[in-house]
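Spelled out, the chains give:
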Amino acid sequence: MTSVFALSTLVEDVRAQFTADELTANIAFGWREPAKAINQGVGGANRVLFVPGVDGKVGQYAPPRNPGRNPRPLRTLLEQATVLCWAVDTSAPNDELAQYEAARTLHDQVVRAIYLSPNVGHGSFDISDPQWVASSTEKRFGAEIKFTLTVQAAITDELLPVVDPPATAETDITTGFVAGDEADGTDTTTGGT
């Protein structure tokens, strides 16, 4: 599926670059991904996560770029995402220098893939706020670096297709719940969302 959104397109471009470079890290997108253990790559850890937003913020608005093109840009959304790069060197699991180098290597591969994106890279992104993801455990598995990615995303006057709910789901407009779902989370029926 081809996306019209810059962040989605960039994630696909990073996946394609990793495939072209024969890198084995799993690249995932979404708010629920950091809590999962099943999204690790080959050998454990070895994953890159793109989580939309930073501390609940989408980003900021800026003036439109390249006015006069079609569709006409109305604004630019400086859309942010948190990128997490978790790696491990399994040949020396207790050697913190080896874990540091594994995480830095994966981080640098991700930055390279973002830069090389044919659709979003070069001058249309910014990265900032690199941080180590601290673990309070004495013996942790690998190391993780996170940073903020800001992508310049055009908001245009083009009408985007609406994603309709399935024809069988009857959603209550006032609550947003699908018929049969319970608001308290106790729903055990099948066919809900």
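Quick summary incoming for the structure in this document. A quick note: this is a predicted structure, and the numbers were derived from the prediction, not measured.

On to the side chain of Gln17, then. In this fold, Gln17 is placed in helix α1 (residues 6–20). Every residue in contact with Gln17, bar those within four places of it in the chain, is listed here: Arg112, Ala113 and Leu116.

On the surface, a cluster of nonpolar side chains totalling about 290 Å² of accessible area is made up of Val4, Phe5 and Leu160. In this structure, Leu160 sits in the segment after β6 (143–156).

This paragraph deals with the pairing of strand β4 (residues 73–87). Counting buried positions along β4 yields 11 of 15 residues, so the element is predominantly enclosed. Pairing of strand β2 (residues 47–52) with β4 involves 6 bridges; the strand directions are antiparallel. Looking across to β4, one finds that Phe50 is bridged to Val83. In this sheet, β4 lies alongside strand β3 (residues 59–62) in antiparallel orientation, the contact comprising 4 bridges. Residue Gln60 lies in a different strand from β4, and its bridge partner there is Leu78. Where β4 and β6 come together, 14 bridges link them in antiparallel fashion. Paired with Leu84 across the bridge in β6 is Lys146.

Under the definition given, this model contains 2 aromatic pairs. Each ring, one from Tyr100 and one from Trp132, has its centre 5.7 Å from the other, and the planes form 40 degrees; the classification is tilted. Of this pair, Tyr100 sits in helix α2 (residues 96–115) while Trp132 sits in strand β5 (residues 125–132), and the two are 32 residues apart along the sequence. A relative accessible area of 37% means that Tyr100 is categorised as partly exposed.

Here the structure, examined in full by the defined rule, presents 5 salt bridges. A salt bridge links Asp21 to Arg112, with the shortest nitrogen-to-oxygen separation between them at 2.5 Å. Here the residue Asp21 occupies a position in the loop between α1 and β1 (26–29), and Arg112 occupies one in helix α2, the gap between them amounting to 91 residues. When its relative accessible area of 30% is taken as the criterion, Asp21 is described as partly exposed. According to the relative accessible area criterion, Arg112 is partly exposed, its value standing at 42%. The salt bridge involving Glu33 is made with Lys36; its shortest N-O contact spans 3.0 Å. Assessed through its relative accessible area of 32%, Lys36 is described here as partly exposed.

Tracing the sequence through the fold places Leu149 in strand β6. Sequence-distant contacts of Leu149, defined by excluding residues within four places in its chain, comprise Leu7, Leu10, Phe50, Glu79, Gln80, Ala81, Val83, Ile114, Phe125, Asp126 and Ile127.

This next bit is on the packing of α1 against α2. Interhelical geometry of α1 versus α2 gives an angle of 115 degrees and a closest axis separation of 9 Å. Of the two elements, α1 crosses α2, and the hand of that crossing is right-handed. Each of Leu10, Val14, Gln17 and Phe18 in α1 lies in contact with α2, whose residues at this interface are Leu106, Gln109, Val110, Arg112, Ala113 and Ile114. Here the contact of α1 with α2 is composed, by residue class, of 7 nonpolar, 2 polar and 1 charged.

How each quantity is defined
Within each chain, residue numbers correspond to sequence positions counted from 1 in written order. Reporting of local features is limited, given that this is a predicted model, to residues whose pLDDT is at least 70; pairs of side-chain atoms are given and counted only at 80 or more, and all residues count toward the totals for whole chains, interfaces and linings. By convention in this description, side-chain values take in all heavy atoms of the structure and omit both hydrogens and water. The helix and strand labels rest on DSSP assignments: H or I over at least four residues marks a helix, E over at least two residues marks a strand, and numbering proceeds from the N terminus. In this analysis, two residues are considered to be in contact whenever any of their non-hydrogen atoms come within 4.5 Å of each other. Like charges within 9 Å and nonpolar side chains (Val, Leu, Ile, Met, Phe, Trp, Tyr) within 5 Å are joined into patches, using only residues over 30% in relative accessible area that form no salt bridge. Method for areas: the Shrake-Rupley scheme with a 1.4 Å probe, in which residue coverage is limited to the protein chains shown. What makes a salt bridge here is a side-chain nitrogen of Lys or Arg within 4 Å of a carboxyl oxygen of Asp or Glu, nothing more. Burial classification: accessible surface area is computed with a 1.4 Å probe over protein chains only, and a residue below 20% of its type maximum counts as buried, one above 50% as exposed, and the rest as partly exposed. Between any two strands, at least two bridges found by DSSP are needed for them to pair. Whether two aromatic rings pair depends on their centres lying within 6.5 Å, for rings of Phe, Tyr and Trp, where Trp uses its six-membered ring; planes under 30 degrees apart make the pair stacked, over 60 edge-to-face, and the rest tilted. For every element, the axis is a line fit to its C-alpha atoms; helices are fit only across the contacting stretch, and the angle between N-to-C directions ranges from 0 to 180 degrees. Handedness of a helix crossing follows the sense of rotation of the near helix relative to the far helix, less than a right angle counterclockwise being left-handed and clockwise being right-handed. Residue classes follow a fixed rule: Ala, Val, Leu, Ile, Met, Phe, Trp, Tyr, Cys and Pro count as nonpolar, while Asp, Glu, Lys and Arg count as charged, and any other residue, Gly among them, counts as polar.

Remember, this is a structural readout, not a statement about activity or role.
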